[in-house]
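# Notes for the structure review
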Amino acid sequence: MGCRPTTAINVGRMYGRTGAFTTNQQQGMGKRNMDALSEEEKRLFPLKTVTSVVSLFESILKRTTEPDLALLSIIVGCIENTLTCNQQILSGAKSTVLTTTVDETSEKPLAIPPVRKEDDFPEIEWPIVEALYVKFRAVIKSSVDVTQYGCPEFATRELVKRVSDVIWNTLTRSYYKDRAHLQSLYSYLTGNKLDCFGVALAVVAGCQVLGFNDVRLALSEDHAWVIFGLEGKETAEVTWHGKGNEDKRGQPVDAGIQARSWLYVSGNPVICSRFTEVASLVSSINPSITATTDSLEVASMQQSLLWVLYDTGHLTRYPMALGNLADLEELSPTPGRCHCGQLFSQAIEVARRCYGNSHVYPYTYQGGYFYRNRMYKEALESWANAADAIRSYNYSREDEEIYKEFLEIANELIPFVMKVEGSGHSARSILKDSECFAHLLRFYDGICQWEEGSCTPVLHIGWAKPLVNTISKFDSQVRRHVVISCSEVAEEDTPVTKPPEGKAEFHRENLDANANQVVLPWPLAKEQEKEERLVDSHVGDKTADQKAWLGSTVLAALTDLCGRTVLSPAFFLGPDTKTGSYTQAIHSLNISGTAASTDSPVKIVNKPKLYLRSHKMAGLKDLLLSEKLNTHAISLQLTAQSQVQLGGRKLRGEEAKDAKQEGRDANLSRPKRTRKE
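Residues numbered from 1 in each chain as written. Predicted model: local features only at pLDDT ≥ 70, side-chain atom pairs only at ≥ 80, totals over all residues. Heavy atoms only, no water.

### Focus: the overall build of the protein
The condition is simple: Put simply, DSSP H or I for four residues or longer makes a helix, DSSP E for two residues or longer makes a strand, and each gets a number counted from the N terminus. Under the scheme applied here, a residue whose accessible area is under 20% of the maximum for its type counts as buried, over 50% as exposed, and between as partly exposed, the area being computed with a 1.4 Å probe on protein chains only. By definition, residues are in contact when any of their heavy atoms lie within 4.5 Å. Reported accessibility uses the Shrake-Rupley method at a 1.4 Å probe radius. Residues are deemed covered only where the shown protein chains occlude them.
Helix and strand counts for the protein come out as 28 helices and eight strands. Buried positions account for 48% of the 677 residues belonging to the protein. A fraction of 70% describes how many contacts in the protein between residues 6 or more apart in sequence connect residues 24 or more apart. About 34,800 Å² of surface is accessible on the protein, with carbon and sulfur atoms providing 51% of the total.

### Quick notes on the packing of helix α4 (residues 50-61) against helix α5 (residues 69-84)
Under the convention used in this document: What counts as an axis is a line fitted to C-alpha atoms, over the stretch in contact for a helix, and the angles between N-to-C directions run from 0 to 180 degrees. Here the angle decides the label: under 35 degrees means roughly parallel, over 145 means roughly antiparallel, 65 to 115 means roughly perpendicular, and every other value means oblique. Gly is put with the polar residues, along with every residue not named as nonpolar or charged; the nonpolar set is Ala, Val, Leu, Ile, Met, Phe, Trp, Tyr, Cys and Pro, and the charged set is Asp, Glu, Lys and Arg.
Packing of α4 against α5 leaves a shortest axis separation of 12 Å and a crossing angle of 170°. Taken together, the axes of α4 and α5 lie roughly antiparallel to each other. Between α4 and α5, the contacting residues are Val53, Leu56, Phe57 and Ile60 on the first element and Leu72, Ile75, Val76 and Ile79 on the second. A class-by-class count of the residues in the contact of α4 with α5 yields eight nonpolar, no polar and no charged.

### Let's talk about the confidence of the model for the protein
Quick note on the threshold: A score from 0 to 100, pLDDT tells how confident the predictor is in each residue.
A residue-level look at the protein finds 64% of positions with pLDDT of 70 or above and a mean pLDDT of 75. For residues 87-113, every residue scores under 50 in pLDDT, and the model assigns this stretch 44 contacts once sequence neighbours within four places are set aside. Low confidence marks residues 666-677, where pLDDT is under 50. Its contacts with residues over four positions away, or in another chain, come to seven contacts.

### Topic: the packing of aromatic side chains
Under the convention used in this document: Within 6.5 Å between ring centres, the rings of Phe, Tyr and Trp (the latter by its six-membered ring) count as paired, and their orientation is classed by plane angle as stacked under 30 degrees, edge-to-face over 60, tilted in between.
Applying the stated rule across the entire model yields 18 aromatic pairs. Considering the side-chain rings of Tyr395 and Trp450, the 5.0 Å spacing of their centres and the 80° angle between planes classify their relative orientation as edge-to-face. Highlighted residues: Tyr395 in the loop between α16 (376-390) and α17 (400-422) and Trp450 in helix α18 (residues 434-451), separated in sequence by 55 residues. Judged on exposure class, the residue Tyr395 and its partner Trp450 are both buried. Taken together, the aromatic side chains of Tyr395, Tyr403, Phe406, Phe443, Tyr444, Trp450 and Trp463 make up a single cluster linked through ring pairs.

### So, the nonpolar core
Nonpolar side chains tend to gather and get buried jointly when the protein is soluble and globular. Our working rule: In this description, a nonpolar core means a group of buried Ala, Val, Leu, Ile, Met, Phe, Trp, Tyr and Cys residues linked to one another through side-chain atoms lying within 4.5 Å.
Within the largest apolar cluster, 158 residues are counted, with the highest numbers of intra-cluster contacts made by Phe136, Phe406, Phe443 and Trp450. Apart from residues no more than four positions distant in its own chain, Phe406 is found in contact with Val360, Ala386, Ala387, Ile390, Phe443, Ile447, Trp450 and Trp463. Grouped together as the second largest cluster of nonpolar side chains are six residues, Trp225, Ile227, Leu263 and Tyr264 included.

### A word on the sheet that holds strand β6 (residues 270-271)
For clarity, the cut-off: When DSSP finds two or more bridges between two strands, those strands count as paired.
Ordered in space as β5-β4-β3-β6, the four strands form an open sheet in which the pairing is antiparallel. Of all the strands in the sheet, just β5 (234-236) and β6 have a single pairing partner and so form its edges. Here strand β3 (residues 216-219) pairs with strand β4 (residues 224-228) via four bridges, running antiparallel. Residue pairing across strands places Leu219 opposite Ala224, the latter belonging to β4. Across the sheet, helix α9 (residues 196-209) touches β3 and β4, and the angle it forms with β3 is around 155°.

### Details of the packing of helix α11 (residues 274-283) against helix α12 (residues 296-311)
Let me state the cut-off plainly: Each crossing gets its hand from how the near helix is turned against the far one by less than a right angle, where anticlockwise is left-handed and clockwise is right-handed.
Packing of α11 against α12 brings their axes to within 10 Å, and their N-to-C directions diverge by 160°. Classed by the angle they form, the pair α11 and α12 counts as roughly antiparallel. Handedness of the α11/α12 crossing: left-handed. For the pair α11 and α12, contact is made by Phe275, Val278, Ala279, Val282 and Ser283 and by Gln302, Leu305, Leu306 and Leu309, respectively. Tallied by class, the residues present in the contact of α11 with α12 amount to seven nonpolar, two polar and no charged.

Set out below in structure tokens:
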């Protein structure tokens, strides 16, 4: 974790295949690039500690002018790649010479002095950063002639598309979807490689070089595009996603929003200012060296820079960056700063307040934090909240990242929680908490509703088996303690109506062990009502808290000692019992119930209420509450084909109707299946 790897700075890659820029080329870039940093800021070079990088960013963010995206992306990218890329150390020299694993024998690697103990990383010289900065400006300026577009005051779709084409056509012909450290302009200028976010950032930085400051980043949770125009109402695709849909570049994103795809967050992306774009490039820093090893120096730099942006107010509308900062704080808390749990909660609050609860990752970030700290009930609630956020979308193939996130939660994390909690017999186990069971059902209800209306099914047998195994861990008593509703009208809002003549009035309390309604004969029902009035009058002078404590203690004791459902006092004390004997019985139950309540098999809490919105989970209601689970029926119901779109294909009845109107035979509307001989 704490190793200090370094990488070669390749001379040929840095200055282009044709060598370094000439003096005329550098002068042709104009004076503006020489003013990218002030003289005071240049004196911070060479950068060799995290403190020097933080000082540079603080100075730039305090300016009245907008920061230069290209310059900052080159700086952080250079440090990240220096500390994280794989190297092969060549011994036998006075200085440590390092080369990359890529075969570039035709180009000479540059020798880098060893890292001193007081430094965090090899020295980053200003001439190196300036050369890369000049190269990027040269690529954009020489490839885009603004006069061809009439020198507009604001960017046009054609101009944005042109800048996107320039970046796109200078990349290597491969897609690097899951490769790390390809999100900065340093990667673009030294290796011609960029990931999805890197392309979008490069387009915005290129438009800034051309003087079009109305072009800004729009960030969803797994995609990026740009907005531009007078009021920022125009949108354009500038990058690829998935397997490389380059044909979308230049098109507006309206189709993705109308399709209710999570990739476009229902038209609620993070609209970046120039400072928020700086926050995005800092948040995209990846400190990983391998799958199991991170660079502490890069993580420390990212954490410090995020705090600088947090203090200047540039993370107030950026949930993803807040989640990244919280993750870093969990690993290495900063003295004097707020706890990481508060940052997770703040990210969720921002997602709800600013983006209509359309972002999912703030909940999964928080759920992961609770899971790692063995706060399993809170983790289940966070995952259920994440499913509530995803239920408003339609699933598509482009949503594979969030699909894998939910699949991991359902098939790995939740089963592990059940395994840990089921291994002991603690009275505090979440398996005895009906609220946890309600969170579990709400999680799967959100997944099922995400599937409804989608062109592609979500749930398959791989989802069903873990769900059935998890539900079976909860006792029937715990499951039946959840009040499940599948109606729009809440139970407490239902108007009170008298039962029809000859019918007994239904109460949820009048259920036997199999959830069947218990209908008492008329004389016994009247006697029960009389006894209940006597009990109410006896305890009427007690406070509400005493009544609640008395009722819960008695119920816990009776449930533990008798193992049967309490119907009424008359059920246990008999119809001839007087008030005095009832009081004595209550007193005796209080004594035994005080000790028994601590070991009660079911936590005595208010019944959690759950409203199921998906058709699949609503159909499972009776199966979930039954005393004995029918696991086979649950699996069949969960994996049944949901209400998916038919892709424009008409139903059989509609085809027959159209054929009748057109005066042709309905049987001829589709070819017959050939008969097998």
